Amino acid sequence: MLLTHATLATMTGGYALIPDAAVAMEGDRIAWAGPLADLPAAYRSLPEHDCAGRLVTPGLIDCHTPAVFAGHRAVEFELRLKGASYEEIARAGGGILSTVIATRAASEEELLAKALPRVDQLIASGATTIEVKSGYGLTVGDELKMLRVARRIGQSRPVTVQATHLAAHAIPPEFKGRAAAYIAEVALPSLRQAHAEGLVDAVDAFCEGIAFSINELCPLFAEAKAFGLPVKLHAEQLSDLGGAAFAAGHGALSADHLEYLSPEGVAAMARAGTVAVILPGAFYTLRESQLPPIAALRAAGVPMAVATDLNPGSSPMASLTLAMNMACTLFRLTPEEALLGTTYHAARALGLADRGRIAPGLRADMCLWDADHPAELSYRIGATALHQRIYGGRLG
Ligand code: NIG
């Protein structure tokens, strides 16, 4: 297929636009991209799709989504409005653990049926690749169930799913006060089995006072390394436990949240090339007042990705463009940074070198927008300008 008359944001170097551009595709790959006037003769006879001047960007990538779960947490939303904090609710047995109870009770079929409409909303906001985490099962069987659902989402919808093992998300009641035992008896065995079944692409954990310490996570990251799996970490969301520097020391793809990130953490991430995944939906929902150190990350050259964090507790948000809007308005990212954050930098946060930009050899995942300029994607609040997606070289 050949796209013509596109206003092209390749994201290969900021969002400098190519007016009246063409993109030639062969199979699921991009063969050529540039000004239509320069289109090589070899591609001129491809079936043409006229973009009529529309903005064309790489397909969006949501690199942090615990999108598989049962139940909802609207009651906690009300409790927080009455003054309870996220941590207080978690320590009282609610929060993540309330979603664990509902998720354990749900079958694989039920979880898939509940997840697909959420994924459809992400797709409607321009997503062509999403990450899906486990972490609401917290038994070997239930973590595997969640990861199987993640794989099935990718088989059921035109979207690439990267499955992340997040058994170290919370300590379930049966292991209360025994975090190390939970890691040994649930997190590690579930990781081994998930790896053996080809269900896992990366390993994540929640480093926080209400979850796990660095020391408790060492065996998990060692096991991930032994399997050749990349690691990521929920770090410095509610307090500074040095999680980002720990993750960077393990060559992590990303450290996520980061409101309480220290200068040492910024420096460690810069050294390791670890992507900072910022999650404005959780910041907004929890009415957090501590901002992630965006200026320091920018100054240190740490790549910043933006994700929805689509989950039932801290970020019930299913729109990547709304996440971009929030990243700009709440965190002062530029619209250019926000788009890099849902394309190239999000791809890096997932360790995917074959997408996130429009260039020969990369996957032909793109979005056509009813917009003239990329800043419009971040500027609109809760309205999608998506006209059409191209997924793996196919329209639709
Ligand atoms: O990324 N921070 C930990 N994990 C999720 C929240 C999950 C929940 O509250 O259910 C997150 O925000």
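In this text, all values refer to a predicted model and were calculated from it rather than measured experimentally.

Parameters at a glance
- Residues numbered from 1 in each chain as written.
- Predicted model: local features only at pLDDT ≥ 70, side-chain atom pairs only at ≥ 80, totals over all residues.
- Heavy atoms only, no water.
- Domains from an automatic or database assignment.
- Contact = heavy atoms within 4.5 Å.
- Buried area = accessible area lost by both parts, 1.4 Å probe.
- Salt bridge = Lys/Arg side-chain N within 4 Å of Asp/Glu carboxyl O.
- Polar contact = N/O pair within 3.5 Å; in protein donor to acceptor, adjacent residues only side chain to side chain.
- Helix = DSSP H or I, 4+ residues; strand = E, 2+ residues; numbered from the N terminus.
- Phe/Tyr/Trp six-rings, centres within 6.5 Å; stacked < 30°, edge-to-face > 60°.
- Buried < 20%, exposed > 50% of the residue type's maximum accessible area, 1.4 Å probe, protein only.
- Core = buried A, V, L, I, M, F, W, Y, C linked by side-chain atoms within 4.5 Å.
- Pairing = 2+ DSSP bridges.
- Axes fitted to C-alpha atoms, helices over the stretch in contact; angles between N-to-C directions.
- Near = heavy atom within 4 Å.
- Areas by Shrake-Rupley, 256 points an atom, 1.4 Å probe, with all protein chains shown as cover.
- Nonpolar A, V, L, I, M, F, W, Y, C, P; charged D, E, K, R; others polar.

Details of the domain arrangement of the protein chain
Move 1: When the domains of the protein chain are assigned, the result is domain 1 (2-58 + 357-395) and domain 2 (60-349).
Move 2: Centre-to-centre, using C-alpha coordinates, domain 1 lies 30 Å away from domain 2.
Move 3: The partner domain 2 presents 23 residues to the 24 residues of domain 1 that form the contact.
Move 4: Summed over both partners, the interface of domain 1 with domain 2 comes to about 1800 Å²; 63% of that surface belongs to carbon and sulfur atoms.
Move 5: At the boundary of domain 1 and domain 2, one finds zero salt bridges.
Move 6: The tally of links between domain 1 and domain 2 comes to eight residue pairs in polar contact (both at pLDDT 80 or more).
Move 7: Where the side of domain 1 that touches domain 2 is concerned, the elements lending two or more residues are β5 (55-58), β14 (366-369), α15 (375-379) and β15 (386-391).

Side note on the packing of aromatic side chains
Move 1: Scanning the entire structure with this criterion turns up five aromatic pairs.
Move 2: Ring plane angle 75° and centroid distance 6.3 Å describe the contact between F69 and Y136, whose orientation is recorded as edge-to-face. In this pair, F69 is assigned in the loop between β6 (60-62) and α1 (74-81) and Y136 in the loop between β7 (127-133) and α5 (140-156), connecting sequence segments 67 residues apart.
Move 3: The class for F69 is buried, based on a relative accessible area of 6%.
Move 4: Centre to centre, the rings of F283 and F331 are 4.9 Å apart; their planes meet at 80°, and the pair counts as edge-to-face. Residue F283 is located in helix α10 (residues 280-285), and its partner F331 is located in helix α12 (residues 320-331); the two are separated by 48 residues in the primary sequence.
Move 5: When its relative accessible area of 8% is taken as the criterion, F283 is described as buried.

Some thoughts on the nonpolar core
Move 1: Counting 109 residues, the largest nonpolar core has I153, F212, L217, L220, L233, M269 and W369 as its most contacted members.
Move 2: It is helix α6 (residues 179-196) that provides the largest number of residues to this core, a total of nine residues.
Move 3: A domain-level breakdown of this core finds at least three residues from each of domain 1 (2-58 + 357-395) and domain 2 (60-349).
Move 4: For F212, the residues in contact, after removing those within four places along its chain, are A168, H169, A170, I171, A179, Y182, I183, F206, C207, L217 and L241.
Move 5: Counting residues in hydrophobic clusters, the runner-up holds 14 residues, among them A21, M25, I30 and V56.

Digging into the environment of Y260
Move 1: Topologically, Y260 is positioned in the loop between β11 (254-257) and α9 (263-272).
Move 2: Under the relative-accessibility criterion, Y260 is labelled partly exposed at 26%.
Move 3: For the pair Y260 and A37, spaced 223 residues apart in the sequence, the C-alpha separation amounts to 50 Å.
Move 4: Side chain to side chain, Y260 and E288 meet in a polar contact 2.9 Å long.

Digging into the sheet that holds β7
Move 1: Ordered in space as β6-β7-β8-β9, the four strands form an open sheet in which the pairing is parallel. Every other strand in the sheet has two partners, leaving β6 and β9 (202-205) as the edge strands with one partner each. Looking at each pair of strands side by side, their axes are set apart by 25° on average, direction ignored.
Move 2: Inspection of the sheet shows β7 paired to strand β8 (residues 160-168) by five bridges, in the parallel sense.

Remarks on the side chain of D204
Move 1: Topologically, D204 is positioned in strand β9.
Move 2: Among the residues examined, D204 registers a relative accessible area of 0% and is labelled buried.
Move 3: Of note is the side chain of D204, whose polar atom sits 3.2 Å from the side chain of H234.
Move 4: Residue contacts for D204: discarding those within four places in its chain leaves K133, T164, H165, L166, A168, L220, K232, L233 and H234.

Some details on the site of the ligand
Move 1: The local shell around the ligand holds 14 residues, among which R73, Y86, Y136, H169 and D309 are the closest.
Move 2: Within the side chain of H64, a nitrogen or oxygen atom sits 3.0 Å from an oxygen atom of the ligand.
Move 3: A distance of 2.8 Å is found between an oxygen atom of the ligand and a side-chain nitrogen or oxygen belonging to S314.
Move 4: Surface burial for the ligand is 100%, taken as the share of its 330 Å² of free accessible area covered by protein chains.
Move 5: Its residues placed into classes, the shell around the ligand shows four nonpolar, eight polar and two charged.

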